[in-house]
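The chain contents come next:
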Amino acid sequence: GNAWMDAWRTTTHEVCGGCRLAVHEYANDDTAPHVTVLLLHATGFHARAYEVIAAKLVRECRARVVAPDLPFHGETAVLNDGVEQADALYSWKNIADRVVAPLCDALRLDERGVVVFGHSMGGAVGHRLAEIRPRVVRSLVAFEPIIRQDVEVETVELRVAFEAQRDILSSTAQRRKNSPHETVQGAFEAHRGRAIFAAWHDDCLLAYVKYGFHWETAVQSLRGTLLCEPANEARMYQGGPIHVHPTNVHCPVMMLIGGLRRAQRPECISAEKYCVHTGSSLVIMPNASHFGPFEDPNAICECVRRSAMQSYQMCNSKL
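Everything quoted here is computed from the prediction, not taken from an experiment.

When helices and strands are counted, the protein shows 11 helices and 10 strands. Dimensions of the protein, computed from the C-alpha atoms along their principal axes, are close to 50 × 50 × 40 Å. With 319 residues in all, the protein has 56% of them scored as buried. Nonlocal contacts in the protein, meaning residues at least 24 apart in sequence, comprise 74% of its contacts between residues at least 6 apart. Element-wise, carbon and sulfur atoms account for 50% of the exposed surface of the protein, whose accessible area totals about 13,600 Å². With 33 positive and 36 negative side-chain charges, the protein shows a separation of 3 Å between the mean positions of the two kinds.

This part is about the pairing of strand β4 (residues 63-68). β4 sits mainly inside the fold: 6 of its 6 residues count as buried. Here β4 shows a buried face lined by A63, V65 and A67 and a second buried face lined by R64, V66 and P68. Pairing geometry for strand β2 (residues 20-26) and β4, over 4 bridges, is antiparallel. When the bridges of β4 are listed, Y26 appears paired with V65.

Below, the discussion takes up the nonpolar core. Counting 49 residues, the largest nonpolar core has L38, V100 and V125 as the members making the most contacts within it. Those residues within four positions of V125 in sequence are excluded, and the remaining contacts are L40, W92, I95, A96, V100 and I242. Counting 47 residues, the second-largest nonpolar core is a separate cluster that includes F117, V141, F197 and L205.

In this section: helix α8 (residues 230-237). The element α8 is largely enclosed, with a buried count of 6 among its 8 residues. Check the buried side of α8 and you find it contacts α3 (92-106), α4 (121-132) and α5 (156-175).

Here we come to the packing of α3 against α4. Contact pair α3 / α4: the axes reach a minimum separation of 9 Å and the direction vectors enclose 65 degrees. The two elements α3 and α4 meet at a crossing, and its hand is right-handed. Of the residues in α4, those touching α3 at W92, K93, I95, A96, D97, V100, A101 and C104 are M121, A124, V125, R128, L129 and I132. In the contact of α3 with α4, the residues fall into 11 nonpolar, no polar and 3 charged.

It is worth spelling out the state of the cysteines at this point. Here the structure, examined in full by the defined rule, presents 0 disulfides. Looking at C104, it has no disulfide partner, and the nearest cysteine sulfur is the one in C251, 12 Å off. Residue C104 is classed as buried on the basis of its relative accessible area of 1%. The thiol of C204 is not disulfide-bonded; the next cysteine sulfur, from C301, is found 9.2 Å away.

Right, let's get into the pattern of salt bridges. In this structure the tally under the stated criterion is 17 salt bridges. In this structure, E272 and R262 form a salt bridge, with 3.1 Å as the shortest nitrogen-oxygen distance. Of this pair, E272 sits in helix α9 (residues 266-278) while R262 sits in the loop between β9 (253-258) and α9, placing them 10 residues apart in sequence. Judged by its relative accessible area of 25%, E272 falls in the partly exposed class. On the basis of relative accessible area, R262 is assigned to the partly exposed category, the value being 31%. One network of salt bridges, in which partners are shared, links R9, E25 and R64.

Take helix α11 (residues 297-312) next. Since the α-helix packs 3.6 residues into each turn, any two residues three or four apart lie on the same face. Helix length check: α11 (16 residues) gives 22 Å between terminal C-alpha atoms against 22 Å at 1.5 Å per residue, within 8%. Listing the buried residues of α11 in full gives P297, A299, I300, C301, C303, V304, S307, A308, S311 and Y312.

As a further point, take the confidence of the model for the protein. Detailed reading of the predicted model is not advised wherever pLDDT is low. When the pLDDT values of the protein are averaged, the result is 93; 96% of them are 70 or greater. Predicted confidence for residues 314-319 stays below pLDDT 50, and this span has 12 contacts to residues more than four positions away or in other chains.

In this structure, P241 follows G240 across a cis peptide bond, with omega equal to -10 degrees. Positive phi values are uncommon outside glycine, yet F72 reaches one of about 75 degrees. For E144, which is not a glycine, the phi torsion comes out positive at approximately 45 degrees. You can see E144 is positioned in the loop between β6 (137-143) and β7 (147-148). Note on E144: relative accessible area 0%, which makes it buried.

Moving on: the environment of F294. Among the secondary structure elements, F294 is positioned in helix α10 (residues 292-295). Once the C-alpha coordinates of F294 and L205 are considered, the two residues, 89 residues apart in sequence, prove to be 7.5 Å apart. Excluding anything up to four places from it in sequence, F294 contacts F45, A49, Y50, H119, W200, H201 and C204.

Within the element layout of this structure, S120 appears in the loop between β5 (114-119) and α4. With residues near it in sequence (within four places) discarded, S120 still touches A42, F143, E144, P145, I146 and H290.

The rules behind these values
- Throughout this document, residue positions are counted from 1 along each chain, in the order its sequence is written.
- Per-residue local features of the predicted model are confined to residues with pLDDT of at least 70, and side-chain atom pairs are confined, for both listing and counting, to 80 or more; whole-chain, interface and lining totals are unaffected and use all residues.
- Values reported for side chains reflect all heavy atoms of the structure, with hydrogen atoms and water molecules removed beforehand.
- The helix and strand labels rest on DSSP assignments: H or I over at least four residues marks a helix, E over at least two residues marks a strand, and numbering proceeds from the N terminus.
- Working definition: with a 1.4 Å probe on protein chains only, accessible area under 20% of the residue-type maximum means buried, over 50% means exposed, and in between means partly exposed.
- Contacts are assigned to residue pairs with any non-hydrogen atoms lying within 4.5 Å of each other.
- Exposure was quantified through the Shrake-Rupley algorithm and a 1.4 Å probe, taking into account, for residues, occlusion by the shown protein chains and nothing else.
- His is not counted, nor are the chain ends; Lys and Arg add positive charge and Asp and Glu add negative charge.
- All charge positions are set by atom: Lys at NZ, Arg at CZ, Asp at CG, Glu at CD.
- Paired strands, as defined in this entry, are two strands with at least two bridges between them according to DSSP.
- Nonpolar cores were defined as sets of buried Ala, Val, Leu, Ile, Met, Phe, Trp, Tyr and Cys residues, with membership established by side-chain atoms within 4.5 Å.
- An axis is simply a line fitted to the C-alpha atoms; with a helix, the fit covers only the stretch in contact. Between two such axes, the angle follows the N-to-C directions and lies from 0 to 180 degrees.
- The sense of a crossing depends on the near helix, which, turned anticlockwise from the far helix by less than a right angle, makes the crossing left-handed and, turned clockwise, makes it right-handed.
- Amino acids outside the nonpolar list (Ala, Val, Leu, Ile, Met, Phe, Trp, Tyr, Cys, Pro) and the charged list (Asp, Glu, Lys, Arg) are all regarded as polar, and Gly is one of them.
- Counting rule for disulfides: a pair of cysteine sulfur atoms within 2.5 Å.
- Salt bridges are counted wherever a side-chain nitrogen of Lys or Arg sits within 4 Å of a carboxyl oxygen of Asp or Glu.
- A helix is expected to span 1.5 Å for every residue after the first.
- The quantity known as pLDDT measures the predictor's confidence residue by residue, on a range of 0 to 100.

Structure (structure tokens):
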């Protein structure tokens, strides 16, 4: 079968300030899931970009995967088009407290708990969720989360590096021309030619362009443009990082980092310091960049599987 699949279903949930959140769920209808994975995407991306990971978790771990498009991203951007959105939604902390936590409550995810997988912003949101919803989060797998830590862990140099990086990302997004692509295939080829996408797994890149752009719109001027508008992406970068408090987290945490240029990248240095400070496990994916989940989705699935086994103490033969 395909390495990715169509969403089993997409539902809409109303959260903070009337924002309508699109939530994609993947599962195998025939069998009761062994584990629920809550998947939280990175800034500028969308839940369905991670479909290769979701499909593999469903197939190989009998997981149910719940993957929201966070405010201003993916289908959530479409659902709220033309509706004034609360400024609060640009804050990552608010996304955890006022978007993801209420979603977990609405879906009653505390009944059996979840393994959270979060990438970049999503990893920071996942950590905050573990602090405020301990009954929901059984374990956390975070790929290069963008987090702030207490001053004894985070040096002034690291703080400055994070701020510089945030400003660069924000101004780059602000300047991004949202020029339209003619077709999904055209968008795929245009992205494949760009350095940051060069190492991506084909199916990950296809899911990113297939679900990250306006293809089905009646508005001709929007066709083939990004769902996440560059101005919103720029503001989202300014909404982080989240200051985390590891002493408030009572579940296993696994930090994942890409090995490429890791000594220069503040998100890698920060994750390593976190693990030294807390005794959490650190996994280095040697050939990965900050986009590791799209470069090596299999390695991500393996880490989520290990984390699920650890937290659910499930029998090895089943997972």
